[in-house]
Amino acid sequence: MRLYRDEAVVVRQHKLGEADRIVTLLTRRYGLVRAVAKGVRRTKSRFGARLEPFAYIDVQLHPGRTLDVVTQVHTMEAFAADIIDDYGRYTTACAILETAERLAGEERAPAPKLHALTASALRAIAAKQRPHELILDAFLLRAMGFAGWAPALDECAKCATPGPHRAFHVGAGGAVCVHCRPPGAATPAPGVFDLLIALLRGEWDYVATVPDSVRNQASGLVAAHLQWHLERQLRTLPLIERSASVSSVSAAGGRHVAG
């Protein structure tokens, strides 16, 4: 079988034997690809450091029966150095990679939009362009949109009545009107829905004007909505520091509360 090349985000890696590693890549053309990087744990490895999580690489692979084999790696952008030195940025970037892997679906299912979004989010975190929590929330909203799970924000999730609405229920699919509101629905503070819409659209000038209390509630709703659809908690989300107001709003209508 022929060698092939692609651009990829290194999502994670783990040890294999005494000197090898298995790396999980989110590639531009082929979606998730798992491959063996032989000998990379040896000190004389040619490209061990290029296959660390958060790296954006150009990689050449040899197809295998169960796992492909990495034959060449070229670093295009090294985000790790600007991410791992700060706990907040590091845990946020880990949550982005974990979410991307979960939403990418089956191996080798093309996900070019998710690939581009993941690389862009890591780039923004590394560049310290804006608060990392907001980058994560914008990433989660857009990634859920690619997966078909985007929450309803400006119309009722059940009857499609145009908003604005005051209630949110993850089981119902997002914002709900007074007639469709299920028991236990959350009532976010004024401005939360506007912030979520702005994050989804990338209206960062408006986002910068929103107070922290509104940002925290919006983060809680996004996390709860994602984990409802995944049907289990992401391992990395609770590691991200949130204020107490997040858990109080995300509990309503959700299966699990993000930290």
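What counts and how
- Residues numbered from 1 in each chain as written.
- Predicted model: local features only at pLDDT ≥ 70, side-chain atom pairs only at ≥ 80, totals over all residues.
- Heavy atoms only, no water.
- Helix = DSSP H or I, 4+ residues; strand = E, 2+ residues; numbered from the N terminus.
- Buried < 20%, exposed > 50% of the residue type's maximum accessible area, 1.4 Å probe, protein only.
- Contact = heavy atoms within 4.5 Å.
- Axes fitted to C-alpha atoms, helices over the stretch in contact; angles between N-to-C directions.
- Parallel < 35°, antiparallel > 145°, perpendicular 65-115°, else oblique.
- Pairing = 2+ DSSP bridges.
- Polar contact = N/O pair within 3.5 Å; in protein donor to acceptor, adjacent residues only side chain to side chain.
- Core = buried A, V, L, I, M, F, W, Y, C linked by side-chain atoms within 4.5 Å.
- pLDDT = per-residue confidence, 0-100.
- Phe/Tyr/Trp six-rings, centres within 6.5 Å; stacked < 30°, edge-to-face > 60°.
- Nonpolar A, V, L, I, M, F, W, Y, C, P; charged D, E, K, R; others polar.

Caption draft 1: Seen up close, the overall build of the protein. The number of helices and strands found in the protein is eight helices and seven strands. A burial count over the protein gives 51% of its 259 residues as buried. Contacts spanning at least 24 positions in sequence make up 57% of the contacts within the protein whose residues lie at least 6 apart.

Caption draft 2: Examining the packing of helix α2 (residues 87-103) against helix α4 (residues 132-147) more closely. The contact between α2 and α4 brings their axes to 10 Å, and the two run at 5°. It follows from the interaxial angle that α2 and α4 lie roughly parallel. Touching G88, R89, T92, A95, I96, T99, A100 and L103 of α2 are H132, L136, F139, L140, A143, M144 and A147, all from α4.

Caption draft 3: Highlighting the sheet that holds strand β3 (residues 31-37). Taken in spatial order, the five strands of this closed barrel run β1-β2-β3-β5-β4, and their pairing is mixed. Each strand of the sheet is rotated relative to its neighbour by a mean of 45°, with strand direction disregarded. Along the sheet, α2 contacts β1 (4-16), β2 (20-27) and β3; its crossing angle with β1, the most-contacted strand, is approximately 110°. Helix α3 (residues 112-127) rests against β1, β2, β4 (55-62) and β5 (68-78) of the sheet, and its axis sits at about 70° to β1.

Caption draft 4: Expanded view of the environment of R5. Structurally, the position occupied by R5 is in strand β1. A sequence separation of 55 residues divides R5 from Q60, and the C-alpha atoms of the two residues are 4.3 Å apart. A distance of 2.3 Å separates the side chain of R5 from the side chain of D58, its partner in a polar contact.

Caption draft 5: Expanded view of the nonpolar core. Core analysis: the largest hydrophobic core is formed by 58 residues, its most contacted members being F54, I83, L114, L122, F139, L196 and L237. For this core, the elements supplying multiple residues, two or more each, are β1, α2, α3, α4, α5 (192-201) and α7 (212-230). A per-element tally of this core places α4 first, with nine residues. I83 has contacts with F54, R89, Y90, A93, L122, I125 and A126, leaving out every residue within four places of it along the chain. Residues Y4, V10, A37 and V70 belong to the second largest nonpolar core, which totals 16 residues.

Caption draft 6: Layout of the confidence of the model for the protein. Per-residue confidence for the protein gives a mean pLDDT of 89; residues scoring 70 or more make up 90%. When mean pLDDT is taken per element in the protein, strand β7 (residues 174-176) scores highest with 98 and helix α8 (residues 244-250) scores lowest with 38. Across residues 243-259 the pLDDT falls below 50, and counting only partners more than four positions away or on other chains, this stretch makes 42 contacts in the model.

Caption draft 7: Representation of the packing of aromatic side chains in the model. The final tally for this structure, using the stated rule, is three aromatic pairs. Ring geometry for Y4 versus Y30: centroids 5.0 Å apart, planes at 70°, classification edge-to-face. Of this pair, Y4 sits in strand β1 while Y30 sits in the loop between β2 and β3, and the two are 26 residues apart along the sequence. With 6.1 Å between their ring centres and 35° between their planes, F168 and F193 make a pair best called tilted.

Caption draft 8: Molecular detail of the packing of α3 against α4. At a minimum axis separation of 10 Å, α3 and α4 run at an interaxial angle of 180°. Relative to α4, the element α3 is oriented roughly antiparallel. Counting all contacts with α3, which are made through K113, L114, L117, T118, A121, A124 and I125, the residues of α4 involved are I135, F139, R142, A143 and F146. In terms of residue class, the contact of α3 with α4 is made up of nine nonpolar, one polar and two charged.

Caption draft 9: α5, seen in detail. Extensive coverage of α5 is indicated by the burial of seven of its 10 residues. The set of residues buried in α5 consists of V192, F193, L195, L196, I197, A198 and L199. Where α5 terminates, the next one or two residues include G202, which has phi positive at roughly 75°.

Caption draft 10: View of the pairing of β4. Of all the eight residues making up β4, seven are buried; the element is thus mostly covered by neighbouring parts of the structure. Strand direction decides the pairing type here: β1 and β4, joined by six bridges, are antiparallel. Its bridge partner lying in β4, A8 is registered against I57. Two strands pair when backbone bridges link them, and β4 and β5 are joined in this way by eight bridges, in the antiparallel orientation. Following the sheet pairing, I57 is matched in β5 by T75. Hairpin connection, β4 to β5: the antiparallel pair is bridged by five residues.

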